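# Close look at the chain arrangement
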Amino acid sequence: MKDENCIFCKIANGEIPSTTVYEDDDFRVILDLGPASRGHALILPKEHFADVCALDEAIAAKVLPLGAKIGSAMKRSLGCAGFNLVQNNGEAAGQTVFHFHMHVIPRYEDGPVIAGWTPGKASPEELAQVAQEIKKGL
Ligand code: AMP
Ligand code: ZN
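Residues numbered from 1 in each chain as written. Chains lettered and ligands numbered in written order. Predicted model: local features only at pLDDT ≥ 70, side-chain atom pairs only at ≥ 80, totals over all residues. Heavy atoms only, no water.

### Focus on the site of ligand 1
Put simply, the rule reads: For this purpose, a residue is taken to be near a molecule or strand whenever a single non-hydrogen atom of the residue falls within 4 Å of it. Under the rule applied, a polar contact is a pair of N or O atoms within 3.5 Å (in protein, one hydrogen donor and one hydrogen acceptor; residues adjacent in sequence only if both atoms are side-chain atoms). Helix and strand definitions here come from DSSP, where helices need a minimum of 4 consecutive H or I residues and strands a minimum of 2 consecutive E residues; each element is numbered from the N-terminal end.
Taken together, 16 residues lie near ligand 1, and D32, G94, T96, H101 and H103 sit nearest. Interatomic distance of 2.7 Å between a backbone N/O atom of T96 and an oxygen atom of ligand 1. At 2.8 Å from an oxygen atom of ligand 1 is found a side-chain nitrogen or oxygen belonging to H103. When contributions to the shell around ligand 1 are tallied by element, the ones reaching two or more residues are helix 1 (7–12) and strand 2 (27–31).

### Re the coordination of the zinc ion (ligand 2)
Cut-off, in case you're wondering: Note: metal donors comprise N, O and S atoms at 2.8 Å or less from the metal (3.2 Å for Na, K and Ca); water molecules are not included, so apparent gaps in a site are possible.
Taken together, the protein ligands of the zinc ion (ligand 2) are C6 (SG), C9 (SG), H48 (ND1) and H99 (ND1), with distances of 2.0 to 2.3 Å. Considered as a linear motif, the donors of the zinc ion (ligand 2) on their single chain read C-x2-C-x38-H-x50-H. Of this pair, C9 sits in helix 1 while H48 sits in the loop between strand 3 (41–45) and helix 2 (57–77), and the two are 39 residues apart along the sequence.

### Comments concerning the pattern of salt bridges
Applicable threshold: We define a salt bridge as a side-chain nitrogen of Lys or Arg found within 4 Å of a carboxyl oxygen belonging to Asp or Glu. Each residue's exposure class comes from its accessible area (1.4 Å probe, protein chains only) as a fraction of the maximum for that residue type: buried when under 20%, exposed when over 50%, partly exposed otherwise.
For the coordinates displayed, the defined rule picks out 4 salt bridges. With its nearest N and O atoms 3.4 Å apart, the salt bridge here joins R28 to E23. Exposure remark for R28: the relative accessible area of 10% places this residue in the buried category. What makes E23 partly exposed here is its relative accessible area of 43%. Here the salt bridges do not stand alone but share partners, grouping E23, R28 and K46 into one network.

### Considering unusual backbone geometry
One non-glycine residue, D110, adopts positive backbone phi at about 65°. Residue D110 is classed as exposed on the basis of its relative accessible area of 84%.

### Remarks on helix 2
Filter applied, for reference: To estimate how far a helix should extend, the number of its residues minus one is multiplied by 1.5 Å. Contacts are residue-level and defined by heavy atoms, with any inter-residue pair within 4.5 Å sufficient.
Between its first and last C-alpha atoms helix 2 spans 31 Å; for 21 residues at 1.5 Å apiece the expected length is 30 Å, and the two agree. Within the sequence span of helix 2, burial applies to I59, V63, L66, G67, I70, G71 and M74. Looking at the buried side of helix 2, the elements it contacts are strand 1 (20–23), strand 2, strand 3, strand 4 (82–86) and strand 5 (102–107). In this structure D56 caps helix 2, since a side-chain oxygen of it lies 3.0 Å from the backbone nitrogen of A58. Positive backbone phi, approximately 80°, marks G79, located one or two places after helix 2.

In structure tokens, the structure reads:
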């Protein structure tokens, strides 16, 4: 299914041009217009899924191998030392385009600092409590 109002549906299916680095029957991989580092790419399924919770299982099973393929190619070709696979779900998590996508962000020695999180602290009791809460939602 495509969503007529979705820009990533149009990009993934070639209706809007993009800088494409890879394409197959299920995915298009494009360069991000606002790259966090040189080569920052986005893996877009051609079908519309709002986020990871909506993703078809067969498509989901192909996303990580494709992320590994693109990241490995970046290490060989761009000389990055590593890469991040990042995937945001929901506005509160930083998702701005509501068509599932996986970021592939090359990381270079001496490259730009990309903010992560500051590790917090949690007691064993707090960890046990939150684990109980999560289990109730499964
Ligand atoms: P997210 O915040 O995870 O939803 O990521 C959306 C990403 O899409 C951002 O990194 C944007 O820079 C990128 N983006 C938005 N529109 C376009 C576009 N037309 N072509 C390429 N990248 C885009
Ligand atoms: Zn879409």
